[in-house]
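Analysis of the macromolecular model
Below, each chain spelled out in residue letters.
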Amino acid sequence: MKRTYDEALSPEALLLDQYLFQYRKCLSRKKELEVRRKDIEWEFNHPLKGVSYDGMPHGSGENVGCAALSFRLDEIDTRIKEQMAKAAKVLTEIMDVIGFLPENSTERSIIEMRYIDRKNWVQICREEHLSKTPATRYWKKGLYTLLEFKKIQQIMAEYENSMEETI
């Protein structure tokens with residue numbers, strides 16, 4: 001059966017798309033943790049200070065933030081490191097999958113830009129010198145080409161099973 005690549009993605013292709021988007025999600029999660037860490041550091045360095053109205057003289061000194069904040073910072077640092085390790089593992093797995101496409105093909109180039117480089121369609125089209133319709137056709141062709149390989153089908157079955165287990 002000859003595909004025109006103009007129809008919506010099949011459920012299998014949607015699953016592969018979701019699988020390949022894991023790297024983007026890992027990096028987004030890492031960035032969220034880094035923002036959270038930055039907020040906690042700010043809280044740690046700028047604790048609330050009350051004004052004393054008791055009239056008694058007190059020594060001047062800076063109050064350091066709550067000790068719990070340092071524990072939260074350490075916990076977030078640990079999570080950021082874990083997320084970086086997870087992102088590296090996911091990236092390796094995704095590169096292995098994309099490696100099934102021919103080395104210098106347009107399909108591979110578009111899929112790498114979309115899932116590894118995390119570029120949007122405007123950037124992809126500019127770099128490939130294509131309008132969006134042909135670019136999405138190459139992208140779909142690449143997804144369906146990947147789905148023809150038994151190894152990719154096996155990876156997708158395992159991924160689908162892992163997704164069902166988390167629900």
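In the block above lies the structure referred to throughout.
Please read these numbers as outputs of a predicted model, since none were measured by experiment.

Topic: a negative patch on the surface
A cluster of like negative charges, contributed by Glu 12, Glu 160, Glu 164 and Glu 165, occupies part of the molecular surface. Ranked by residue count, the leading element in the negative patch is helix H7 (residues 150-166), at three residues. Its place among the elements puts Glu 12 in helix H1 (residues 11-20).

Thoughts on the packing of helix H4 (residues 106-115) against helix H6 (residues 132-147)
Viewed as axis vectors pointing N to C, H4 and H6 meet at an angle of 95°, and their least axial separation amounts to 8 Å. With respect to H6, the element H4 is oriented roughly perpendicular. Mapping the contact onto sequence places Thr 106, Glu 107, Ile 110, Ile 111, Arg 114 and Tyr 115 in H4 and Ala 135, Tyr 138, Trp 139, Lys 141, Gly 142, Leu 143 and Leu 146 in H6. Of the residues that constitute the contact of H4 with H6, the class distribution is eight nonpolar, two polar and three charged.

What about the nonpolar core?
Of all hydrophobic cores here, the largest spans 36 residues; its most connected members are Leu 16, Tyr 19, Leu 20 and Ile 111. Listing elements by their share of this core, those giving two or more residues are H1, helix H2 (22-45), helix H3 (67-98), H4, helix H5 (121-128), H6 and H7. Other than its neighbours up to four places away in sequence, Leu 20 contacts Ile 94, Val 97, Ile 98, Ile 111, Tyr 115 and Leu 143. Of all hydrophobic cores here, the second largest spans five residues; its members include Leu 33, Ile 40, Leu 73 and Ile 76.

Structural notes on the environment of Ile 111
Tracing the backbone through its elements, the reader meets Ile 111 in helix H4. The buried category is assigned to Ile 111, whose relative accessible area is 0%. Note: C-alpha distance between Ile 111 and Ile 124 (13 residues apart in sequence) is 9.4 Å. Contacts of Ile 111, omitting those with residues within four sequence positions, involve Leu 20, Ile 98, Leu 101, Ile 116, Trp 139, Gly 142, Leu 143 and Leu 146.

Quick look at the packing of aromatic side chains
Applying the stated criterion to the full structure yields four aromatic pairs. Centre to centre, the rings of Tyr 19 and Tyr 159 are 5.1 Å apart; their planes meet at 80°, and the pair counts as edge-to-face. With Tyr 19 in helix H1 and Tyr 159 in helix H7, this residue pair connects regions lying 140 residues apart in the sequence. On the basis of relative accessibility, which here comes to 6%, the residue Tyr 19 falls in the buried class. Sitting over the ring of Trp 139, Arg 114 keeps its end group 4.8 Å from the ring centre.

Topic: the pattern of salt bridges
Enumeration according to the criterion identifies 10 salt bridges in this entry. Where Lys 141 meets Glu 107, a salt bridge forms, and the shortest distance between an N and an O atom there is 3.3 Å. Placement of Lys 141 in helix H6 and of Glu 107 in helix H4 is noted, with a sequence separation of 34 residues between them. Since its relative accessible area comes to 11%, Glu 107 is described here as buried. Residues Glu 112 and Arg 108 are paired through a salt bridge, measuring 3.0 Å at the closest nitrogen-oxygen approach. One end of the pair, Glu 112, and the other, Arg 108, are both in helix H4, four residues apart, so they sit about a helical turn from each other. A residue is classified by how much of its surface remains accessible, and Arg 108, at 12% relative accessible area, is buried. One salt-bridge network, held together by shared partners, links Arg 37, Glu 41 and Asp 77.

What counts as what
- Residues numbered from 1 in each chain as written.
- Predicted model: local features only at pLDDT ≥ 70, side-chain atom pairs only at ≥ 80, totals over all residues.
- Heavy atoms only, no water.
- Patch = residues over 30% accessible without salt bridge, like charges linked within 9 Å, V, L, I, M, F, W, Y side chains within 5 Å.
- Areas by Shrake-Rupley, 256 points an atom, 1.4 Å probe, with all protein chains shown as cover.
- Salt bridge = Lys/Arg side-chain N within 4 Å of Asp/Glu carboxyl O.
- Lys, Arg positive; Asp, Glu negative; His and termini not counted.
- Charge placed at Lys NZ, Arg CZ, Asp CG, Glu CD.
- Helix = DSSP H or I, 4+ residues; strand = E, 2+ residues; numbered from the N terminus.
- Axes fitted to C-alpha atoms, helices over the stretch in contact; angles between N-to-C directions.
- Parallel < 35°, antiparallel > 145°, perpendicular 65-115°, else oblique.
- Contact = heavy atoms within 4.5 Å.
- Nonpolar A, V, L, I, M, F, W, Y, C, P; charged D, E, K, R; others polar.
- Core = buried A, V, L, I, M, F, W, Y, C linked by side-chain atoms within 4.5 Å.
- Buried < 20%, exposed > 50% of the residue type's maximum accessible area, 1.4 Å probe, protein only.
- Phe/Tyr/Trp six-rings, centres within 6.5 Å; stacked < 30°, edge-to-face > 60°.
- Lys NZ or Arg CZ within 6 Å of the ring centre and 35° of its normal.

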